[in-house]
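Understanding the architecture of this molecule
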Amino acid sequence: MAESFISTNRFFDNKNYPRGFSRHGDFTIKEAQLLERYGHVFNELDLGKREPQTEEEKLFVAVCRGERAPVTIEEKIWTKYLTKISRPKRFHTLSGGKPQIDPAEDYTDNDD
C-alpha cells in the first residue's frame, strides 16, 4: 500500500462524527486511523473525483461500484463507513403505553 491512496489531507466527517471516528465507537482505533489518513482519497475515488493510480485503487473503485466484494482492509473500512452513515439512527423511547384500539373497529360477533 506504499504507493496507493497517497494524500496529504486528513479526512474528517464533522456531520456524522463530530468528535472523530475513534471517539464514536463505530470503528476500532486502527480503523479510525486508516479512515483519517486515507479517507480523503477513498472519498475522491468513490465519487469519481480522482482517477485510480494503481491496481489496488482500481480494485477499490470496483468495490465502490458494487462490482466486487471488499477484500482488503481499506475496502472493508470504507464499506463499513458508508454503511454507518447511510443507516438511519435508531432511537428508543422510555414511554411504555398500552396499544391503542381503533374505536371504529367492531369486535362483536355477528353470527345471528
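This section reports on the structure supplied with the text. Just so it is clear, the model here is predicted, and its values are computed rather than measured.

When helices and strands are counted, the chain shows four helices and zero strands. Mapped from its N terminus to its C terminus, the chain presents α and β elements in the order α-α-α-α. Within the chain, contacts between residues separated by at least 24 positions form 56% of all contacts whose residues are at least 6 apart in sequence. Taken as a whole, the chain presents about 8700 Å² of accessible surface, with 50% of it coming from carbon and sulfur.

Okay, helix α3 (residues 55-64) next. For α3, the full list of buried residues reads Glu57, Phe60, Val61, Ala62 and Val63. Those residues of α3 hidden inside the fold are in contact with α2 (29-47) and α4 (73-86). Where α3 terminates, the next one or two residues include Gly66, which has phi positive at roughly 80°.

Let us now look at the packing of aromatic side chains. All chains considered together, the criterion is met by 14 aromatic pairs. Measuring from ring centre to ring centre gives 5.8 Å for Phe42 and Trp78, while their planes differ by 65°; the resulting arrangement is edge-to-face. Here Phe42, found in helix α2, pairs with Trp78, found in helix α4; they are 36 residues apart in sequence, far enough to count as distant. Take Phe42 and Trp78: they sit in the same class, and that class is buried. Taken together, Phe5, Phe11, Tyr17, Phe21, Phe27, Tyr38, Phe42, Phe60, Trp78 and Tyr81 form an aromatic cluster joined through their ring pairs.

A few words on the pattern of salt bridges. One pass over the full model with this rule turns up three salt bridges. Across the pair Glu57 and Arg50 runs a salt bridge whose closest N-O atoms are separated by 3.5 Å. The class of Glu57 is buried, set by a relative accessible area of 0%. Judged by its relative accessible area of 19%, Arg50 is buried. Taking the shortest distance from any N to any O, the salt bridge between Glu75 and Arg68 comes out at 2.8 Å.

This paragraph deals with the nonpolar core. In this structure, Phe5, Phe21, Phe27, Leu35, Trp78 and Tyr81 are the most contacted members of the largest nonpolar core, which totals 17 residues. A per-element tally of this core places α2 first, with seven residues.

With that out of the way, let us pick up α2. Its 19 residues place the ends of α2 25 Å apart at the C-alpha level, agreeing with the 27 Å of an ideal helix rising 1.5 Å per residue. The sharpest bend along α2 comes to roughly 65°, located at Tyr38. Along α2, the residues classified as buried are Glu31, Ala32, Leu34, Leu35, Tyr38, Gly39, Val41, Phe42 and Leu45. As for α2, its buried residues are in contact with α1 (21-24), α3 and α4. Looking one or two residues past α2, Gly48 carries a phi angle of roughly 80°, positive in sign.

Reading guide: rules and limits
Residues numbered from 1 in each chain as written. Predicted model: local features only at pLDDT ≥ 70, side-chain atom pairs only at ≥ 80, totals over all residues. Heavy atoms only, no water. Helix = DSSP H or I, 4+ residues; strand = E, 2+ residues; numbered from the N terminus. Contact = heavy atoms within 4.5 Å. Areas by Shrake-Rupley, 256 points an atom, 1.4 Å probe, with all protein chains shown as cover. Buried < 20%, exposed > 50% of the residue type's maximum accessible area, 1.4 Å probe, protein only. Phe/Tyr/Trp six-rings, centres within 6.5 Å; stacked < 30°, edge-to-face > 60°. Salt bridge = Lys/Arg side-chain N within 4 Å of Asp/Glu carboxyl O. Core = buried A, V, L, I, M, F, W, Y, C linked by side-chain atoms within 4.5 Å. Expected span 1.5 Å × (residues − 1). Bend = angle between axes of the 7 residues up to and from the residue.

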